[in-house]
Amino acid sequence: MPQLFPIIQAFIEDQGWKVASQDESRFVMLFGDAGNDEKNCLLVIHGREQQQDILVRSLHPSPAPEHARSKICEFMARANFGMNLGAFKIDESDGEMYYECSADVEHCNAEDVTMLVDTMVRCVRQIWDRYQAGVITLCKVSDVSAETAVRIIEG
């Protein structure tokens, strides 16, 4: 298996993305509406060498308010039910919310890893963009149910 860090770094450079922060295994980029913080997301690409996998997450920039966490958990469970790739997750203790995809890259070459990263990035960005309005609504509006929020999005 090739080293993940340089492959991920080259992918990000090829996309022309600005990296907000990075460490030895993780890159963080900010995407969204520059004039609207709640419509932003943090895209995290984490290459874990020892586990031989890659995680791609789209994180909401602020935690879910405590009063809305149970509805957001239900919303995410309902949305996850139909997902083929990845899943929504929430930490009920601090409200951190994200959508995540992962892939085992143990038997992949550099080209395969690049293709997987591209697929996962497109997936998490598209899914987060699609469902983010429901998360924002549930954070702000108390009389909307999780079921209704998902139904509106999924049609």
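Residue numbers restart at each chain and count upward from 1, following the sequence in its written direction. Selection of residues for local features in this predicted model requires a pLDDT of at least 70, selection of side-chain atom pairs for listing and counting requires 80 or more, and totals for whole chains, interfaces and linings are taken over all residues. Values shown for side chains rest on all heavy atoms present in the structure; no hydrogens or waters enter the calculation.

**Student:** I would appreciate a short explanation of the nonpolar core in the present structure.
**Tutor:** The tendency in soluble globular proteins is for nonpolar side chains to be buried as a group. To define a nonpolar core, start from buried Ala, Val, Leu, Ile, Met, Phe, Trp, Tyr and Cys residues and group those joined through side-chain atoms within 4.5 Å. Here's how the labels work: a residue is buried when its accessible area is under 20% of the maximum for its type, exposed when over 50%, partly exposed in between, all with a 1.4 Å probe on protein chains only. Of all hydrophobic cores here, the largest spans 45 residues; its most connected members are W17, I45, I54, I72, F75, F88 and Y99. The numbering of helices and of strands both runs from the N terminus, where a helix is a DSSP run of H or I of at least 4 residues and a strand a run of E of at least 2. Those elements giving two or more residues to this core turn out to be α1 (4–15), β2 (26–31), β3 (41–48), β4 (53–59), α2 (69–81), β6 (97–104), α3 (110–140) and α4 (146–154). Two residues form a contact once any of their heavy atoms are found within 4.5 Å. Apart from residues no more than four positions distant in its own chain, F88 is found in contact with M76, A79, N80, M83, Y98, Y99, I127, W128 and Y131.

**Student:** Where do I start with the side chain of H60 in this structure?
**Tutor:** Checked against the element boundaries, H60 lands in the loop between β4 and α2. At a separation of 2.9 Å, a polar atom in the side chain of H60 contacts the main-chain carbonyl oxygen of S62. Contacts described as polar in this section are N or O atom pairs within 3.5 Å, which, within protein, must combine one atom able to donate a hydrogen with one able to accept it, while residues neighboring in sequence count only if both atoms come from side chains.

**Student:** Before we go on, may I ask you to explain the pattern of salt bridges in this structure?
**Tutor:** When their charged atoms lie close together, side chains carrying opposite charge are able to pair. Salt bridges, as used here, are contacts in which a Lys or Arg side-chain nitrogen is within 4 Å of a carboxyl oxygen on Asp or Glu. Counted under the stated rule, the structure contains seven salt bridges. In this structure, D53 and R48 form a salt bridge, with 2.6 Å as the shortest nitrogen-oxygen distance. The residue E100 makes a salt bridge to K89 at a minimum N-O spacing of 2.8 Å. Of this pair, E100 sits in strand β6 while K89 is found in strand β5 (residues 87–90), placing the two residues eleven residues apart along the sequence. Here the salt bridges do not stand alone but share partners, grouping R57, K89 and E100 into one network.

**Student:** Just to check I follow, could you spell out α3 for this structure?
**Tutor:** Three or four residues apart is the spacing at which side chains of an α-helix point the same way, because the helix has 3.6 residues per turn. Taking 1.5 Å of rise per residue, 31 residues should cover 45 Å, and α3 covers 44 Å from first to last C-alpha, within 8% of that figure. Bend, at a single residue, is the angle you get between axes fitted to the 7 residues ending at that residue and the 7 residues starting at it. The largest bend in α3 is about 45°, located at Y131. The residue sitting at the N-terminus of α3 and contributing the capping side-chain oxygen is N109; that oxygen lies 3.0 Å from the backbone nitrogen of E111. The length a helix should cover is 1.5 Å for every residue beyond the first.

**Student:** Any chance you could explain α2 here in plain terms?
**Tutor:** Helix length check: α2, at 13 residues, gives a terminal C-alpha distance of 18 Å against a target of 18 Å (1.5 Å per residue), a fit within 8%. Among the residues of α2, R69, K71, I72, F75, M76 and A79 are the ones counted as buried. Relative to the axis of α2, the buried residues are bounded by an arc of 155° and lie together on one face. Across α2 from its buried face, at more than 90 degrees, point the exposed residues S70 and F81. Lining the buried residues of α2 we find β5, β6, α3 and α4. What the arc covers is the set of directions going from the helix axis to the C-beta atoms.

**Student:** So what exactly am I meant to see when it comes to unusual backbone geometry here?
**Tutor:** Phi at Q52 takes a positive value of approximately 55°, unusual for a residue other than glycine. Residue placement: Q52 occurs in the loop between β3 and β4.

**Student:** What's the story with the packing of aromatic side chains in this structure? I'm lost.
**Tutor:** Each aromatic ring pair is specified by the distance between its two centres and by the angle formed by the two planes. Here the aromatic set is Phe, Tyr and Trp, taking the six-membered ring for Trp, and pairing holds for ring centres within 6.5 Å; pairs whose planes are under 30 degrees apart are stacked, those over 60 apart are edge-to-face, and all others are tilted. Applying the stated rule across the entire model yields six aromatic pairs. Where F75 meets Y131, the ring centres are 6.2 Å apart and the plane angle is 70°; that geometry is what we call edge-to-face. Note that F75 is positioned in helix α2 and Y131 in helix α3, a separation of 56 residues in sequence. Summarising the burial analysis for this pair, F75 and Y131 share the class buried. A centroid spacing of 4.8 Å and a plane angle of 65° characterise the contact between F88 and Y99, whose relative ring orientation is edge-to-face. Linking F88 in strand β5 with Y99 in strand β6, this pair joins segments that are eleven residues apart in sequence. In this pair, the class of F88 matches that of Y99, namely buried. Through a chain of ring-to-ring contacts, the aromatic side chains of F75, F88, Y99, W128 and Y131 assemble into a single cluster.

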